[in-house]
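Below, each chain spelled out in residue letters.
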Amino acid sequence: FYKFISKRKEVDLLFRNVSSNGAWVTVDDLEDFMTKDQRFDVTHKTCKELIKKFEVSQRGKAQLQLGIDGFLSFINSQHASLFNPAHEKIYQDMNQPLSHYFIASSHNTYLLGHQLKGSSSVQAYRDVLERGCRCVELDCWDGDDEEPIVYHGHTLTSKVLFKDIVQAIKESAFKVSPYPVIVSLENHCSVQFQIKMAEHLKGILGSLLYTTPVDFTLDALPSPKFFLNKILVRGKTGKSIVDDKEMDKEIDSFDRKVQIERSVQETDFRGTKEHVADELSQLINYISNEKFKSFIESMEMGHFSQTHSFVESEMLYFLDKSASEFVEFNKHQISRIYPGNLRVDSSNYDPIKPWTVGCQIVALNHQTNSEEMQLHYGKFRQNGNTGYVLKPKFLRDPELTFDPDPQDGKFPGIQPKRLQLTVISAFQLLEIEESWSLVRDEPDPYVQVEVHGVPADKATFTTHGLTDTTLNPVWNEEFQTIVHVPELAMVQFVVYDEDYGFDDFLGQVVIPFESLMEGYRQIQLLDMSGLPLPGTTLFVHVKISDTDLQAII
């Protein structure tokens with residue numbers, strides 16, 4: 001195997017450049033490479049330890065000399081990962097208010113597919129929770145035998161028992177993250193079934209369920225650490241589901257269609273305004289779901305425990321018309337964004353947009369393998385996959401202002417960065433079987449690199465497609481771009497095989513800009529669902545530098 005992978009000419013060339021004699025890498029060579037090329041502070045002692053760890057021959061270990069095989073092992077290790085290994089662990093402050101975090105969230109968690117005719121599943125809750133999701137949704141309705149059920153009401157989707165889902169949540173809630181799980185209830189049940197829901201929540205979850213009333217002496221939400229290993233219930237606390245007279249008078253007639261769409265999605269289609277049972281209402285404390293009226297009213301009268309839901313079209317409207325106000329709202333209270341009712345195929349909206357104004361619960365259809373879900377998994381891979389990512393300071397500090405799309409193109413107080421990226425090569429790409437083709441199509445792979453973030457940072461670069469029939473292609477193509485708001489930017493790599501009609505997907509990975517490591521780096525590629533493709537990697541070189549703001553405006 002070593003002889004096979006040692007034939008990688010691009011790695012052999014790098015080895016010879018690092019080596020002072022072209023035969024092996026000495027301790028001094030490695031220290032020089034780590035500090036100058038990899039931009040990583042290491043000691044002479046650490047470099048000795050690295051050579052002892054990765055050199056494959058006993059002679060090399062004894063003489064502290066790293067040969068090509070050992071060097072390749074080093075390049076393939078976490079020490080040369082494009083994703084900062086320190087960010088694979090919890091590295092952020094977990095003692096700030098819940099409203100200061102992006103929270104990994106799911107929409108209509110019970111569904112496995114189509115919104116109108118798909119199957120519902122208890123297993124779906126286990127799956128998302130065990131991949132780090134911290135907010136799950138249950139659409140609750142009256143069922144048979146006095147048992148509440150969960151399904152997409154008035155559709156052909158199958159039904160599952162509420163109590164079975166609660167049991168699954170209990171079993172999987174804290175397998176991968178100890179930080180709080182939010183159970184978001186869309187309550188369409190009559191009072192007697194709501195009482196049953198409350199009984200199941202208390203009886204099944206027991207001490208995991210946080211039931212202490214809101215402490216009104218506080219001036220902000222408690223922290224994720226405060227709610228460690230606790231489950232919070234989000235839901236209505238007794239107000240009507242829809243009241244057209246309460247629609248936001250701040251919004252002009254142009255947005256009436258947005259409010260109508262929102263009303264359709266939130267209305268109990270039986271046409272009644274159900275009372276929320278006291279037994280259930282008492283379980284809803286720090287994450288209550290209240291009707292949104294206006295940012296002005298929320299700033300003047302809103303309480304930190306009141307969360308508001310926004311359908312995606314409404315989110316886009318406010319992003320366009322009131323982005324700065326949206327940012328200020330999200331510093332103190334929690335907003336939940338959810339897909340529009342036209343997404344019956346369980347497609348997703350772009351999560352980057354609500355993240356740029358600090359929306360915390362950006363709920364996506366996890367059952368759909370899509371670019372949007374790839375962005376989600378990339379976002380929440382950092383901070384130890386806890387499902388909580390601390391928002392940038394300008395989205396938390398009330399003394400700071402932020403507009404994701406300013407008219408003058410300026411972002412005061414934020415240091416822009418220049419990203420210089422060279423896509424060097426890929427290794428062990430998957431071979432696509434074209435069963436429909438009469439002629440064998442030789443692989444001609446290419447890489448698409450896309451920067452996501454505020455509008456000013458969106459950029460796309462594409463390497464040339466190669467026609468050398470190899471699954472270990474070498475491109476050596478360089479791109480440059482300016483990243484104005486690094487803390488909100490994400491870099492996406494997708495490898496395709498050029499084909500007639502649609503190009504074949506070969507692998508992808510998304511990395512937050514702030515988690516990128518500089519120098520010569522490898523990163524494992526993932527499949528469409530975000531799971532690793534064993535042995536399939538991308539080899540790149542990254543350089544990041546500060547840029548004079550005045551020089552780029």
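Being a predicted model, the structure only gives us computed values, none of them experimental.

Cut-offs applied
- Residues numbered from 1 in each chain as written.
- Predicted model: local features only at pLDDT ≥ 70, side-chain atom pairs only at ≥ 80, totals over all residues.
- Heavy atoms only, no water.
- Salt bridge = Lys/Arg side-chain N within 4 Å of Asp/Glu carboxyl O.
- Helix = DSSP H or I, 4+ residues; strand = E, 2+ residues; numbered from the N terminus.
- Buried < 20%, exposed > 50% of the residue type's maximum accessible area, 1.4 Å probe, protein only.
- Core = buried A, V, L, I, M, F, W, Y, C linked by side-chain atoms within 4.5 Å.
- Polar contact = N/O pair within 3.5 Å; in protein donor to acceptor, adjacent residues only side chain to side chain.
- Contact = heavy atoms within 4.5 Å.
- UniProt positions renumbered as here; feature names shortened; annotations may be inferred.
- Arc of directions from axis to C-beta.
- Pairing = 2+ DSSP bridges.
- Phe/Tyr/Trp six-rings, centres within 6.5 Å; stacked < 30°, edge-to-face > 60°.
- Lys NZ or Arg CZ within 6 Å of the ring centre and 35° of its normal.
- Axes fitted to C-alpha atoms, helices over the stretch in contact; angles between N-to-C directions.
- Parallel < 35°, antiparallel > 145°, perpendicular 65-115°, else oblique.
- Left-handed = near helix turned anticlockwise from the far one by under 90°.
- Nonpolar A, V, L, I, M, F, W, Y, C, P; charged D, E, K, R; others polar.
- Disulfide = S-S within 2.5 Å.

Quick look at the pattern of salt bridges
So, point 1. Within the structure shown, the criterion is met by 15 salt bridges.
So, point 2. Residue Arg126 is joined to Glu171 by a salt bridge in which the shortest nitrogen-to-oxygen separation is 3.2 Å. Note that Arg126 is positioned in helix α7 (residues 123-129) and Glu171 in helix α8 (residues 162-172), a separation of 45 residues in sequence.
So, point 3. The exposure class assigned to Glu171 is partly exposed, which follows from its relative accessible area of 38%.
So, point 4. Among the ionic pairs, Lys417 bridges to Asp546, the shortest N-O distance being 2.4 Å. Of this pair, Lys417 sits in strand β12 (residues 417-427) while Asp546 sits in strand β19 (residues 532-546), and the two are 129 residues apart along the sequence.

Let's talk about the nonpolar core
So, point 1. With 36 residues, the main nonpolar core has Leu138, Ile169, Leu185 and Leu201 as its most contacted residues.
So, point 2. Ranked by the residues each element gives to this core, the list is headed by helix α9 (residues 191-205), at six residues.
So, point 3. Formed by 35 residues, the second largest nonpolar core is a distinct cluster that contains Phe380, Val389, Phe402 and Val510.

Some details on the side chain of Thr109
So, point 1. Note that Thr109 resides in the loop between β1 (101-106) and α7.
So, point 2. Note on Thr109: relative accessible area 3%, which makes it buried.
So, point 3. Polar side-chain contacts of Thr109 include one of 3.0 Å to the backbone nitrogen of Glu137.
So, point 4. When neighbours within four sequence positions are excluded, Thr109 is seen to be in contact with Ala124, Tyr125, Val128, Val136 and Glu137.

Side note on the UniProt feature "binding site: Ca(2+) 5" (unreviewed entry) in the protein
So, point 1. Feature annotation in UniProt assigns "binding site: Ca(2+) 5" (unreviewed entry) to the following positions: Asp497 and Asp499.
So, point 2. Here Asp497 shows up in strand β16 (residues 490-497).
So, point 3. Taking relative accessible area as the criterion, Asp497 reaches 6% and is therefore assigned buried.
So, point 4. Along the chain, the position of Asp499 falls in the loop between β16 and β17 (504-512).
So, point 5. The class for Asp499 is buried, based on a relative accessible area of 13%.

Quick word on unusual backbone geometry
So, point 1. Not every positive phi belongs to a glycine, and Leu64 is a case in point at roughly 55°.
So, point 2. For Leu64, the location among the structural elements is in the loop between α5 (58-63) and α6 (68-75).
So, point 3. Positive phi, normally seen in glycine, also occurs at His154, with a value near 60°.
So, point 4. Taking the relative accessible area as the measure of exposure, His154 reaches 51% and is therefore exposed.

Some remarks on helix α2 (residues 9-18)
So, point 1. Within the span of α2, buried status applies to Glu10, Val11, Leu14, Phe15 and Val18. The buried residues of α2 occupy one face: seen down the axis, they fall within an arc of 140°. Across α2 from its buried face, at more than 90 degrees, point the exposed residues Lys9, Leu13 and Asn17.
So, point 2. The inward-facing, buried residues of α2 abut α3 (27-37), α6, β12, β15 (474-483), β18 (519-526) and β19.

A short note on α6
So, point 1. Across the eight residues of α6, six count as buried, placing the element largely inside the fold.
So, point 2. Taken as a whole, α6 has its buried residues at Gly70, Phe71, Leu72, Ser73, Phe74 and Ile75.

Topic: the pairing of strand β2 (residues 135-141)
So, point 1. A large share of β2 lies buried, amounting to seven of its seven residues.
So, point 2. Looking at chain direction, β2 and strand β5 (residues 181-187) are connected through six bridges and run parallel. Within the sheet, the bridge partner assigned to Cys140 lies in β5 and is Asn187.
So, point 3. Direction of pairing for β2 relative to strand β3 (residues 149-150): antiparallel, over a ladder of two bridges. Each residue of the ladder has a partner; that of Trp141, found in β3, is Ile149.

Some points on the environment of Val344
So, point 1. Its location among the elements puts Val344 in the loop between β9 (335-338) and α15 (352-355).
So, point 2. For Val344, a relative accessible area of 27% gives the class partly exposed.
So, point 3. Put simply, Val344 and His114 are 230 residues apart on the chain and 6.0 Å apart in space, counted from C-alpha to C-alpha.
So, point 4. Residues contacting Val344, with those up to four places away along its chain left out, are His114, Gln115 and Leu116.

Looking at the packing of aromatic side chains
Here a ring pair, both rings aromatic, is described through the centre-centre distance and the interplanar angle of the planes.
So, point 1. Under the definition given, this model contains 32 aromatic pairs.
So, point 2. Considering the side-chain rings of Tyr210 and Phe226, the 6.1 Å spacing of their centres and the 65° angle between planes classify their relative orientation as edge-to-face. Here Tyr210 is found in the loop between α9 and β6 (231-235), whereas its partner Phe226 is found in the loop between α9 and β6, with 16 residues between them in sequence.
So, point 3. For Phe226, a relative accessible area of 47% corresponds to the partly exposed category.
So, point 4. Taking 5.6 Å as the distance between ring centres and 75° as the angle between the ring planes, the aromatic pair formed by Phe292 and Phe318 counts as edge-to-face. Of the two residues, Phe292 sits in the loop between β7 (284-289) and α12 (295-301) while Phe318 sits in helix α13 (residues 312-321), which places them 26 residues apart along the sequence. Assigned by exposure class, Phe292 and Phe318 land together as buried.
So, point 5. Three or more aromatic residues joined by ring pairs form one cluster here, namely Phe15, Phe33, Phe54, Phe71, Phe74, Tyr520 and Phe539.
So, point 6. The ring of Tyr151 carries the charged tip of Lys159 above its face, separated from the ring centre by 4.4 Å.

Overview of the packing of α8 against α9
So, point 1. Between α8 and α9, whose axes approach to 10 Å, the crossing angle comes to 30°. By the angle between their directions, the pair α8 and α9 is classed as roughly parallel. The hand of the α8/α9 crossing is right-handed. On the side of α8, the interface is formed by Phe162, Lys163, Val166, Gln167 and Lys170, while α9 contributes Met197, His200, Leu201, Ile204 and Leu205.
So, point 2. Here the contact of α8 with α9 is composed, by residue class, of six nonpolar, two polar and two charged.

Here's the deal with the state of the cysteines
So, point 1. Going through the model one piece at a time under the given rule, you end up with zero disulfides.
So, point 2. In this structure Cys135 is not part of a disulfide, and its nearest cysteine sulfur, from Cys133, lies 6.7 Å away.
So, point 3. Not engaged in a disulfide, the cysteine Cys189 finds its nearest cysteine sulfur in Cys140; these two sulfurs lie 5.5 Å apart.

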